[in-house]
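Observations on chain architecture
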Amino acid sequence: MQLIRNSLKWKSIIIFLLLVTIPSSLIGSIVIYQSNNIVKQQVMNTTQWNLNNMEAKLTDVIEEVEEISRYIIYSNEFRDFMTHPAITSSDYTVLNRLRSNLNGFFVFHQSEKDYFHSVQIKGQNDQVLSAGEIVDADESAWEVHASELKGNILWSEPYSLYNIRKNEEETVITLYRTINHLYDITDPIGLVKFRLDQETLFQHVSTGFVNQQHQAFFIHEKKGDVIGSRNGELFEYEELMDNIKNDGESFQFTSHEENYYAVSRYIDTLDLYIVSVVSEAYILSEMGGIRTSFGYMIVIAILMGLLTFAGFIFFVVRPLLELTRETKRVERGDFKARVPVRSNDEVGQLGFRFNAMVERIQLLIDTKYKLELQNKHSELKALQSQINPHFLYNTLDMIRWTARIEKAPETSKSIEDLANLFRITLSQGKVWIPLSSELKYVQSYMELQRKRLGESFQYYLFKEAGIDDGIVMKLIVEPLVENSFKHGFSSTQVKKVIIIRAYRQADRLLLEVLDNGVGLDVKQAQRLVKGEKIAGKTESFALKNVHDRIVNAFGQGYGIEIDEPVKGAQIRIVLPWMDNEQVWQQVWKGEESYDGVQNSNSR
């Protein structure tokens, strides 16, 4: 008993032994099930095959009639009949000759196609050619619709007309087509109508494919009727259409307390459905003997199957469901999830290992989170140290005052600019400085360059009012300006211009550097900024360095953007707007995510 309790394998053996004790029931259910499926599939395959053949025959009829209408368009005799003047006796002689020839053409087709009811052609010369049955019908609405289609084919829905020869009402489906001038397709010269007898058409399509067991129908949705074998006895239009609309091409329905299986196919050209039907009673009659032989055995098999299923649910499925539920809790971030362990079998061991795994994951997450915060701070410091030069600001200050004493103001001003560079570079180890200080640093750098280059270099600095106190990362603009001097301007360029723009856009601060130099390969620079290595290309190192610093601090969505102006280069730095010292200190120290920055700014 202890072995059974602790082993999932033995539990499975016992469950399957219960099934072995009733082999006859199992075999009986399989035989009945398979036999039922085979017989049903054979009958449904036959029904599907019948429907495919009926659809093919109906499609052939449609194509034959449409082909005749296309022949009329290009036939000289038909066009002559519809356009020849009907004034003099010689005109009527010509028209009668044409009428005789065309009548022969239609008589031939009527003898070949029993569903051909009648044909009528009206020409622009008011001549009318009729072949087949003589009818009385109001078809003006269809004629107007056909003329609006300007030569395209129009198939009507089934409608009734009066057959004068037979003295009875008949239902037809008609092709209407306006015949246009061969060389001016906008000029109608006549109208042709091909009427097909609906009842005869159905007989033509279904011959060889319907019998006592397999029935077929035409169903026209707009007409609201059912045309086919035994339709008056068994089926109604509403019940068939409801099943077609709700269940699609294959469906099962009940009519007059009898079940049927049906397959339908929609014929778009005629806007009707072909339906092939077989009764369930016919299918069951093919396997009645098998059902009787194995009836009792199936009942026993079902009862034993239920017992087996209940045991499997209790010992296997329930623990697995509990494990699944607790796994979902872990997916949602709840690491308090635990599964109850009720046994020492394989399922119990799985629950025990799951509990241990969750505890281990919780420990690793706590450790890794703290480590990543430290690494982020260290990486940002390391990148910053690549750019921060360490010079002797005090020495420069002494030299500046010496130059003033010696009355060299230009030299003093240059040394002062250089001193400003070193003051802001050192800035007591600070990483974050006001925007005004960053722009002052860049301006000092460009002043030094202007002293060096003279009148060949000019710079412009534009800044939106009210953003001086915005907090930015130190030394992010100067590397871009330096990049312009190193790689943007050619040695022979006469006029060198750099423009710097600083402005706020909603909760973002944008800093743009533009030059009129030789420009850069934007796509290649974007790849380099993203960290891709391209042999022999180093001019985007400064861009990548600044971009990495910003992304490390604020995450994706901020950093360097590169545009492609008409001339030169345009680099944009995207930063979050921060004017709260406590906020940027928290970001730098990793005390909160940037979501907190946004929330604090909004306050």
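Computed from a prediction, not measured in an experiment: that's the story for all the values here.

Cut-off values and rules
- Residues numbered from 1 in each chain as written.
- Predicted model: local features only at pLDDT ≥ 70, side-chain atom pairs only at ≥ 80, totals over all residues.
- Heavy atoms only, no water.
- Helix = DSSP H or I, 4+ residues; strand = E, 2+ residues; numbered from the N terminus.
- Buried < 20%, exposed > 50% of the residue type's maximum accessible area, 1.4 Å probe, protein only.
- Contact = heavy atoms within 4.5 Å.
- Areas by Shrake-Rupley, 256 points an atom, 1.4 Å probe, with all protein chains shown as cover.
- Salt bridge = Lys/Arg side-chain N within 4 Å of Asp/Glu carboxyl O.
- Pairing = 2+ DSSP bridges.
- Axes fitted to C-alpha atoms, helices over the stretch in contact; angles between N-to-C directions.
- Arc of directions from axis to C-beta.
- Polar contact = N/O pair within 3.5 Å; in protein donor to acceptor, adjacent residues only side chain to side chain.
- pLDDT = per-residue confidence, 0-100.
- Core = buried A, V, L, I, M, F, W, Y, C linked by side-chain atoms within 4.5 Å.
- Phe/Tyr/Trp six-rings, centres within 6.5 Å; stacked < 30°, edge-to-face > 60°.

1. What about the overall build of the protein chain?
Check the secondary structure of the protein chain and you find 21 helices and 19 strands. A total of 603 residues make up the protein chain; the buried ones form 43% of that total. Taking the contacts inside the protein chain whose residues are at least 6 apart along the sequence as the reference set, 62% of them involve residues at least 24 apart. A total accessible area of about 33100 Å² is found for the protein chain, and carbon and sulfur atoms account for 54% of it.

2. Quick look at the pattern of salt bridges
Applying the stated criterion across every chain yields a total of 21 salt bridges. Across the pair E133 and R165 runs a salt bridge whose closest N-O atoms are separated by 2.7 Å. Of this pair, E133 sits in the loop between strand 2 (128-132) and strand 3 (135-136) while R165 sits in the loop between strand 5 (159-163) and strand 6 (168-181); the two residues are 32 residues apart in sequence, bridging distant segments of the chain. Exposure remark for E133: the relative accessible area of 18% places this residue in the buried category. Judged by relative accessible area, R165 falls into the exposed class, the value being 57%. For R572, the salt bridge identified is with D563, shortest N-O distance 2.5 Å. One network of salt bridges, with partners in common, ties together K122, E139, E143, K193 and R195.

3. Details of the sheet that holds strand 14 (residues 457-463)
What holds strands together in a sheet is hydrogen bonding between their backbones, with the strands either parallel or antiparallel. Strand order in this open sheet of five strands is 14-16-17-19-18, and the pairing throughout is mixed. Two strands lie at the open edges of the sheet, namely strand 14 and strand 18 (559-563), each paired on one side alone. Across this sheet, the average inter-strand angle for adjacent strands is 15 degrees, counted without regard to direction. Pairing between strand 17 (residues 508-515) and strand 19 (residues 569-576): eight bridges, direction antiparallel. The residue bridging L509 from the neighbouring strand is L575, located in strand 19. Relative to the sheet, helix 17 (residues 478-488) contacts strand 14, strand 16 (496-505), strand 17, strand 18 and strand 19, its axis offset from that of strand 16 by approximately 155 degrees.

4. Considerations on helix 7 (residues 198-206)
Listed as buried for helix 7 are Q198, L201, F202, V205 and S206. Along the axis of helix 7, the buried residues cluster in a sector spanning 115 degrees; they form a single face. Near the N-terminus of helix 7, the side chain that reaches the backbone nitrogen of E199, with its oxygen 3.2 Å away, is that of D197. Residue G208 follows helix 7 closely and has a positive phi angle near 90 degrees.

5. Observations concerning helix 9 (residues 237-247)
Note on helix geometry: an α-helix contains 3.6 residues per turn, so any two residues three or four positions apart are oriented the same way. Those residues of helix 9 that sit buried are Y237, E239, L240, M241, N243 and I244. Positive phi appears at G248, one or two residues downstream of helix 9, with a value of about 85 degrees.

6. Some words on unusual backbone geometry
Look at D271: it is not a glycine, yet its phi comes out positive at around 55 degrees. Note on placement: D271 falls in the loop between strand 11 (258-267) and strand 12 (272-279). By relative accessible area, which is 19% here, D271 ends up buried. The backbone of L475 sits at a positive phi, close to 60 degrees, despite the residue not being glycine. Mapping L475 onto the fold places it in the loop between strand 15 (471-473) and helix 17. Given the relative accessible area of 1%, L475 is considered buried.

7. Points about the sheet that holds strand 12
Taken in spatial order, the five strands line up as 9-8-12-11-10 in an open sheet, and their pairing is antiparallel. Because the sheet does not close on itself, it has two edges, and the strands there are strand 9 (225-228) and strand 10 (250-255). When the angles between neighbouring strand axes are averaged without regard to direction, this sheet yields 35 degrees. Across the sheet, helix 9 is in contact with strand 8 (214-220), strand 9, strand 10, strand 11 and strand 12; its angle to strand 10 comes to roughly 150 degrees.

8. Considerations on the confidence of the model for the protein chain
Averaged over all residues, the pLDDT of the protein chain equals 78, while 74% of them reach at least 70. Predicted confidence for residues 385-392 stays below pLDDT 50, and this span has 13 contacts to residues more than four positions away or in other chains. Every residue in residues 588-600 is under pLDDT 50, and counting partners more than four places away or in other chains gives 21 contacts.

9. A look at the nonpolar core
With 48 residues, the main nonpolar core has L58, I72, F106, I121, F194, L201 and F218 as its most contacted residues. Residue contacts for F194: discarding those within four places in its chain leaves V65, I68, S69, I72, F106, F116, S118, V119, I173, T174 and L175. Formed by 44 residues, the second largest nonpolar core is a distinct cluster that contains V442, V546, A553 and I571.

10. Considering the environment of I72
Mapped onto the secondary structure, I72 falls in helix 3 (residues 23-74). Sequence separation between I72 and V192 is 120 residues, and the spatial gap between their C-alpha atoms is 8.7 Å.

11. Focus on the pairing of strand 17
Counted residue by residue, strand 17 has seven buried out of eight residues, so it is predominantly covered. Judged from the eight bridges that link them, strand 16 and strand 17 form a sheet pairing that is antiparallel. Paired with A502 across the bridge in strand 17 is L511. Hairpin connection of strand 16 to strand 17: two residues between the antiparallel strands, including A506 at a positive phi of 55 degrees.

12. Overview of the packing of aromatic side chains
Taken as a whole and assessed by the stated rule, the structure comprises 20 aromatic pairs. Ring geometry for F105 against F106: centres 5.3 Å apart, planes inclined by 75 degrees, an arrangement best described as edge-to-face. Owing to a relative accessible area of 1%, F106 belongs among the buried residues under this scheme. A centroid spacing of 5.5 Å and a plane angle of 20 degrees characterise the contact between F253 and Y260, whose relative ring orientation is stacked. Judged by relative accessible area, F253 falls into the buried class, the value being 4%.

13. With respect to the side chain of E512
Among the structural elements, E512 can be located in strand 17. Relative accessible area serves as the criterion here: at 2%, E512 is assigned to the buried category. A distance of 2.9 Å separates the side chain of E512 from the side chain of Y503, its partner in a polar contact. Looking at E512, its side chain comes within polar contact range of the side chain of R572, at 2.8 Å. The residues contacting E512, other than those within four sequence positions of it, are I499, I500, R501, Y503, Q570, I571 and R572.

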